[in-house]
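# Coordinates in review
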Amino acid sequence: MKVSLPKFSLPAKLKIASSDKTRGAIILGALILTLALYHWDILKRFEYVTYDYRCILRGDRAPDPRVVVIEISDDSVTKIGRWPWERSWHATLVKILEKLEARAVIFDVIFSEPSDPAKDAVFSQAIQESNRVYLAEVAETQGQAGETAMLKSLPEFSGHAKGGGHINLEADVDGVMRRISPIKLVARRRVPQLSLAVALDEFGTGLDEVTVRKNELIIPVKNALPVKVPLDASGNFIINWVGRWKGTFAHFSYFDVVSAYAASEKGESPLIDLGFFKGKFCYVGTSAAGLFDIRPTSLEPAYPAVGVNLTVLNNLLEKKFIKPLGQTENQLILVVIAFALFWILRISNFFRAAGFTAALAALYQGLVIGSFILFSVWVQLVYVLFLIFTAYFFVTLYNQLSVTIERAKLVKLATRDSLTGLYNIGHFKMLMAAELATLAIRRDRALSVIMGDVDNFKHTNDTYGHLTGDSVLREVASVVKSNCRTMDVPARYGGEEFILMLPGADAGEAFKVADKIRVLLNQKVFFNEKGDFKTSISIGVTEVSVEEKDLETIIARADRALYEAKQTGKNKVVIASDSPRRPSGTVS
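A brief report on the enclosed structure follows. Just so it is clear, the structure is predicted and the values come from calculations on it, not from any experiment.

### Describing the sheet that holds strand 21 (residues 489-494)
Strand order in the open sheet formed by six strands is 19-21-22-20-23-24, and the pairing between neighbours is mixed. Where the open sheet ends on each side, the last strands, each with one partner, are strand 19 (423-424) and strand 24 (573-575). Relative to strand 23 (residues 537-543), strand 20 (residues 447-454) runs antiparallel, the two sharing seven bridges. If you follow valine 449 over to strand 23, its bridge partner there is threonine 542.

### Focus: the environment of proline 117
In this structure, proline 117 sits in helix 5 (residues 117-130). According to the relative accessible area criterion, proline 117 is exposed, its value standing at 65%. Between the C-alpha atom of proline 117 and that of arginine 87, which follows or precedes it by 30 residues, the distance is 9.7 Å.

### Overview of the packing of helix 13 (residues 425-441) against helix 17 (residues 551-567)
Packing of helix 13 against helix 17 brings their axes to within 10 Å, and their N-to-C directions diverge by 110 degrees. Of the possible angle classes, the one that applies to helix 13 and helix 17 is roughly perpendicular. Seen from helix 13, the contacting residues are Lys429, Met432, Ala433 and Leu436; seen from helix 17, they are Leu551, Glu552, Ile554 and Ile555.

### Looking at the nonpolar core
Membership of the largest hydrophobic core comes to 51 residues, with the highest contact counts inside it found for Ile106 and Ile219. The element contributing the most residues to this core is helix 9 (residues 305-318), with eight residues. What isoleucine 106 contacts, discounting residues up to four positions off in sequence, is Tyr134, Leu194, Val198, Phe281, Cys282, Tyr283, Val284 and Leu313. Formed by 36 residues, the second largest nonpolar core is a distinct cluster that contains Ala91, Leu93, Ala126 and Cys282.

### Side note on a nonpolar patch on the surface
A cluster of nonpolar residues, Phe393, Phe394, Leu397, Leu401 and Ile405, forms a patch on the protein surface that exposes about 480 Å² of accessible area. By the secondary structure assignment, phenylalanine 394 is in helix 12 (residues 382-415). Accessibility expressed as a relative area gives 41% for phenylalanine 394, which makes it partly exposed.

Thresholds applied
- Residues numbered from 1 in each chain as written.
- Predicted model: local features only at pLDDT ≥ 70, side-chain atom pairs only at ≥ 80, totals over all residues.
- Heavy atoms only, no water.
- Pairing = 2+ DSSP bridges.
- Helix = DSSP H or I, 4+ residues; strand = E, 2+ residues; numbered from the N terminus.
- Buried < 20%, exposed > 50% of the residue type's maximum accessible area, 1.4 Å probe, protein only.
- Axes fitted to C-alpha atoms, helices over the stretch in contact; angles between N-to-C directions.
- Parallel < 35°, antiparallel > 145°, perpendicular 65-115°, else oblique.
- Contact = heavy atoms within 4.5 Å.
- Core = buried A, V, L, I, M, F, W, Y, C linked by side-chain atoms within 4.5 Å.
- Patch = residues over 30% accessible without salt bridge, like charges linked within 9 Å, V, L, I, M, F, W, Y side chains within 5 Å.
- Areas by Shrake-Rupley, 256 points an atom, 1.4 Å probe, with all protein chains shown as cover.
- Salt bridge = Lys/Arg side-chain N within 4 Å of Asp/Glu carboxyl O.

The following block contains the structure:
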């Protein structure tokens, strides 16, 4: 047996979206959450990842041609011997670079331990005569008090050097090098970063003339405009990477430089052009395996520490820096994006709203990447994307919940009686038709129908008023629902009549349910200013045969049993005399 169920659908032009007030509250909440995360820098690891990708997308660029690195590389260790070398080698290199008119010789090595006195003296004399040597220092914690002190080269070296500075490298929380401290305060002494010390001499400026103002390191330059170095919120200098280690800067082997000069002195043709070193800033540092300090950077996972320091010098000489956008500017961007989201998410069409939201995210990402590649400005990306997708998710979720709730309300209006909350008769008949189809297949299954009518209801209305009558109907519905199983289907037939379908119940079981409803309702006392009163209900019961297909016939049979209950005294339950398998003694 096929049963056609009535179709239900929402109106075609129904559009349910959040109100401006609710939408604004959701976006404001997302903005406050994002600002809190930004304040505590919770998503900084993700922001660092996006920053590194921006560095990679920008690609390599040409370094300052004046910056040169002389590597203490694997081939030099093989040819000269195990590190550390005799200091006469360093004295030789200093003298060679002096004769080649190098602008500066910067050792990214600390000579803190004495060695052969004679060879130390030779190195000290070479430093003194050159007057172009810079030596590294390291700020380290000493003693139980945790005081910071500088680990420096021996006084006979550092005392004759032209200058020096710290080479402390402190990675971000993810272990990647992105910034350095330009000036450290150690024992009340300002210690410049090694490359900054070299640059200050190049600019003709003393360290005491350098100031910090509004997240900028201001370096006066003789006969020129001052150099303004952008700093982050912690006062650190963000390294503007030139490129990968092997692809940038001029690299020379320590041994090759020495041997080339020796060959030139003998009148032989050197393997490298020694004239290249004239006017160059020559960094000397380790890159041999097992010797150099490996630092992961934004561009590659293994980068020698000397490369970090010479990149800082390259930035200072070129005056090309990474400018991190300030906290106020980044927060203002978040507010502007929140306003843009408010207008975008007012669009009721789901696909258009999604498209515009994705377009906003893509446009902002493009602007952020473009500003970095073209202007070296670091604008926060992750927090804005977090705001966009968080606001979109919760506004969309709210919209969908609103649609679901509204649909449920419309379904309820279409299937439920507004006064009692029971099913209306139309929906009841649809469910009963479906149950009859099931009964035709499962022939061992029982099915019964109960039909009740409140006794003397017109008298109640006339005496106590229609509002009281409505209260009586609601109370009857409450009693009916409270005595139903989950599978039972209670409905309001119309007026003061109720109907109940009990799948799986035969006439005897249905009689017990009906009689319980009758007894409970009869015990109720209704309070009214005109006097308290009671009411009762008459109920008819019928069982359904597996052969029956016409639900109107079944309802009519239950109605006849109800009529009999009314005619024989009311406040009783009667099973239809022609009900299949009618049990005996079933009138109360």
